[in-house]
Amino acid sequence: MNTSTAMATPHFQLSRNAFGRLVLTTTEGEVFEGVVPVRAFPIQSPEDGIGMVHTDGHEVAWIDRLSAVPAPVQQLIREELETREFMPEILTIASVTSFSTPCTWRVLTDRGETRFVLRGGEDIRRVGPTILLVTDSHGIQFLIRDRANLNKESQKILDRFL
């Protein structure tokens, strides 16, 4: 038996039922309807450590690395995560109305262009060496994965608030 194939095979099967909910079936035949994937480290390591959690809140399966499971299972998990998680990634800061807060930011994200109000500098948090979370006045969080990857104008604007 090829060990890399054995390691890539999860100890469960995953499918959708007629209502669109995920159904996890263990190798022992135990069936859990309505499981949801939950990332252990959604910002710093989104592909590592994903728990499959049953509706009662208990973890019924664990995935060390998403890329290690078969493509159809990956697809189901990614689809489910996309419907549950909403954290647009800021690609460009186009403009701000003022360098004092509150102010309106116009940004381009991985989900399109948008505007939001930044209440104060404390709403920009460092999560890692290069990662920032920007929270708007409605509590929506925007991710800046690596501020060094922003264009120079975006970096200048951001530097005024840090």
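Here the structure is shown first, and the text comes after it.
Throughout what follows, the structure given in this document is the object of discussion. This one's a predicted model, so the numbers in the text were calculated from it and none came from an experiment.

Describing the layout of surface pockets
As a volume, the largest pocket reaches approximately 450 Å³. Considering the residues around the largest pocket, the lining is formed by 18 residues, among which Arg39, Glu85, Met87, Arg111 and Arg145 are closest to the centre. Counting residues per element, the lining of the largest pocket draws most heavily on helix H2 (residues 71–84), at four residues. Its residues placed into classes, the lining of the largest pocket shows eight nonpolar, no polar and ten charged.

Let's talk about the packing of aromatic side chains
Centre distance and the angle of the planes are the two values used to describe a pair of aromatic rings. Tallied over the entire structure, the rule returns four aromatic pairs. Relative to phenylalanine 142, the ring of phenylalanine 116 has its centre 4.4 Å away and its plane inclined at 20 degrees; by these criteria the two rings are stacked. Note that phenylalanine 116 is positioned in strand E8 (residues 112–118) and phenylalanine 142 in strand E11 (residues 141–144), a separation of 26 residues in sequence. A relative accessible area of 4% means that phenylalanine 116 is categorised as buried. In textbook terms, an aromatic cluster arises when at least three aromatic residues are bridged by ring pairs, as seen for Phe99, Trp105, Phe116, Phe142 and Phe161. Above the face of the phenylalanine 99 ring, arginine 160 is positioned so that its terminal group lies 4.0 Å from the ring centre.

Observations regarding the pairing of strand E4 (residues 48–53)
Extensive coverage of E4 is indicated by the burial of five of its six residues. Note that strand E3 (residues 31–39) and E4 share four bridges and pair antiparallel. Bridge pairing in E4 links valine 36 to valine 53. As paired elements, E4 and strand E5 (residues 59–65) share five bridges and run antiparallel to each other. Each bridged residue has a counterpart across the sheet, and for valine 53 the counterpart in E5 is glutamate 59. Between the antiparallel neighbours E4 and E5 lie five residues, among them glycine 57 with a positive phi of about 90 degrees.

Structural notes on the sheet that holds E8
Here three strands make up an open sheet; going across it, the order is E6-E7-E8 and the pairing antiparallel. Edge positions in the sheet fall to strand E6 (90–96) and E8, since each has one partner strand and no second. Going from strand to strand, the sheet's axes swing by 30 degrees on average, the running direction of each strand aside. With five bridges joining them, E6 and strand E7 (residues 103–109) adopt antiparallel strand pairing.

Definitions and cut-offs
Residues numbered from 1 in each chain as written. Predicted model: local features only at pLDDT ≥ 70, side-chain atom pairs only at ≥ 80, totals over all residues. Heavy atoms only, no water. 1 Å grid on protein atoms, 1.4 Å probe; cavity = no way out; pocket = protein on both sides within 12 Å on 5 of 7 lines; lining within 4 Å. Points joined across faces, edges and corners; volume = space filled by probe spheres on them. Helix = DSSP H or I, 4+ residues; strand = E, 2+ residues; numbered from the N terminus. Nonpolar A, V, L, I, M, F, W, Y, C, P; charged D, E, K, R; others polar. Phe/Tyr/Trp six-rings, centres within 6.5 Å; stacked < 30°, edge-to-face > 60°. Buried < 20%, exposed > 50% of the residue type's maximum accessible area, 1.4 Å probe, protein only. Lys NZ or Arg CZ within 6 Å of the ring centre and 35° of its normal. Pairing = 2+ DSSP bridges. Axes fitted to C-alpha atoms, helices over the stretch in contact; angles between N-to-C directions.

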